[in-house]
Amino acid sequence: MKHFLLTLLILVSVKTISFGQELAIIQDTVKNYQIGVPVGWKYGVPADQSLDLIAFRQKQSEEDVPRENLNINILHRDETSLDATYSEFLKSIGTVEGFTIIEEGDTVINDRKYKYLIESHKNKYSKEDMHNYVLFTNKEGAILILTMVTISPNFDTYRTLFDKIAGSLHF
């Protein structure tokens, strides 16, 4: 019985990491977006400014290998049709090794229409199977792409957290 309770306690605490995770709200007043980043994750803008924001999970223990991260990329295009820019986006990412669309559709978050995509692919460096959860929208020629990623075996555990992050997005 003692081992059962200990196992149950560990499982509850692991689920709490992803499901009960609190978000710190980050607001970029220049690019005009706001998003929640899980408390305890490091975040910032890469020195080469290849992304507008990157955040990644920190180690929970010596044995932990964090692979979860999110990033925001804002591009400027003349195209204003969400469907047309999304189609172009799909063409560009569809060339990644092992790229497979798992789920896609439309959603509305904070009164803005988004296309979303969940896909899997091989990481070009580690060769691990990865899952990306991508939200895509445009506003007056500015295209926002939010990508949340983890290794494929961890995706079901992090899906609820990724949904919570997505729900915090304002653009």
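About the thresholds
Each residue is numbered by its place in its chain's sequence as written, counting from 1. In view of the model being predicted, local features appear only for residues whose pLDDT reaches at least 70, and side-chain atom pairs are presented and counted only at 80 or more, with totals across whole chains, interfaces and linings using the full set of residues. Hydrogen atoms and water are omitted, and side-chain values are computed over all heavy atoms in the structure. Any two strands between which DSSP finds at least two bridges are classified as paired. We count a stretch as a helix when DSSP gives it H or I for four or more residues in a row; a strand needs E for two or more, and each element gets its number in order from the N terminus. Axis angles are defined between N-to-C directions and span 0 to 180 degrees, where every axis is a line fitted to C-alpha atoms and, for a helix, only to the segment in contact. Any pair of residues with heavy atoms lying within 4.5 Å of one another is described as a contacting pair. Working definition: with a 1.4 Å probe on protein chains only, accessible area under 20% of the residue-type maximum means buried, over 50% means exposed, and in between means partly exposed. By nonpolar core we mean a set of buried residues, namely Ala, Val, Leu, Ile, Met, Phe, Trp, Tyr and Cys, connected to one another through side-chain atoms within 4.5 Å. Any Phe, Tyr or Trp ring, taking Trp's six-membered ring, that has another such ring centre within 6.5 Å forms a pair; planes under 30 degrees apart are called stacked, those over 60 apart edge-to-face, and the others tilted. Geometrically, a charge over a ring is one whose NZ (Lys) or CZ (Arg) sits within 6 Å of the ring centre while staying within 35 degrees of the ring normal. Here, a salt bridge means any Lys or Arg side-chain nitrogen found within 4 Å of an Asp or Glu carboxyl oxygen.

A. Spotlight on the sheet that holds strand 3 (residues 42–44). Read from one edge to the other, the open sheet built from seven strands follows the order 3-4-5-9-8-7-6, with strand pairing classed as antiparallel. The strands lining the two open edges of the sheet, one partner per strand, are strand 3 and strand 6 (100–109). Going across the sheet, the axis of each strand differs from the next one's by a mean of 15°, ignoring polarity. Of the pairings in the sheet, the one linking strand 7 (residues 112–122) to strand 8 (residues 129–139) comprises eight bridges and is antiparallel in character. Following the sheet pairing, Y116 is matched in strand 8 by L135. Lying over the sheet, helix 3 (residues 155–167) contacts strand 5 (69–76), strand 6, strand 7, strand 8 and strand 9 (142–151), oriented at roughly 155° with respect to strand 9.

B. Representation of unusual backbone geometry. At N32, a residue that is not glycine, the phi angle is positive and equals roughly 60°. Take N32: it is sitting in the loop between strand 1 (23–28) and strand 2 (33–38). On the basis of relative accessibility, which here comes to 47%, the residue N32 falls in the partly exposed class. Even without being glycine, N110 reaches a positive phi, approximately 50°. Looking at the element boundaries, N110 is found in the loop between strand 6 and strand 7. For N110, a relative accessible area of 37% puts it in the partly exposed group.

C. Expanded view of the nonpolar core. Judged by nonpolar contacts, the single largest core of 28 residues is most densely connected at I35, I72, L144 and L146. When residues of this core are traced back to their parent elements, those giving at least two are strand 2, strand 4 (53–56), strand 5, strand 7, strand 8, strand 9 and helix 3. When residues of this core are assigned to their parent elements, the largest contribution, six residues, is made by helix 3. Residue contacts for L144: discarding those within four places in its chain leaves Y33, I72, N73, I74, Y114, L135, F136, T137, L169 and F171. Core analysis: the next-biggest nonpolar cluster, separate from the first, contains eleven residues, L90, F99, V134 and F136 among them.

D. Spotlight on the packing of aromatic side chains. Evaluation of the coordinates by the stated rule reveals five aromatic pairs. Centroid distance Y86 to F136: 5.6 Å. Interplanar angle 65°. Geometry classified as edge-to-face. Taken together, the residues span a long stretch of sequence, with Y86 in helix 2 (residues 82–93) and F136 in strand 8 at a distance of 50 residues. The same class applies to Y86 as to F136, namely buried. Clustering of aromatic rings is evident, with ring pairs tying together Y86, F89 and F136. Over the face of the ring belonging to F171 we find K139, whose NZ or CZ atom lies 4.6 Å from the ring centre.

E. Just the pattern of salt bridges, in detail. For the structure on display, the rule yields eleven salt bridges. Note that D64 and R57 form a salt bridge whose closest N and O atoms lie 2.7 Å from each other. In terms of burial, D64 and R57 fall into one category: buried. Here D129 and K122 are joined by a salt bridge, their closest N and O atoms 2.8 Å apart. D129 sits in the partly exposed class, given a relative accessible area of 40%. A residue is classified by how much of its surface remains accessible, and K122, at 28% relative accessible area, is partly exposed. When salt bridges that share partners are traced, they join R57, D64 and E68 into one network.

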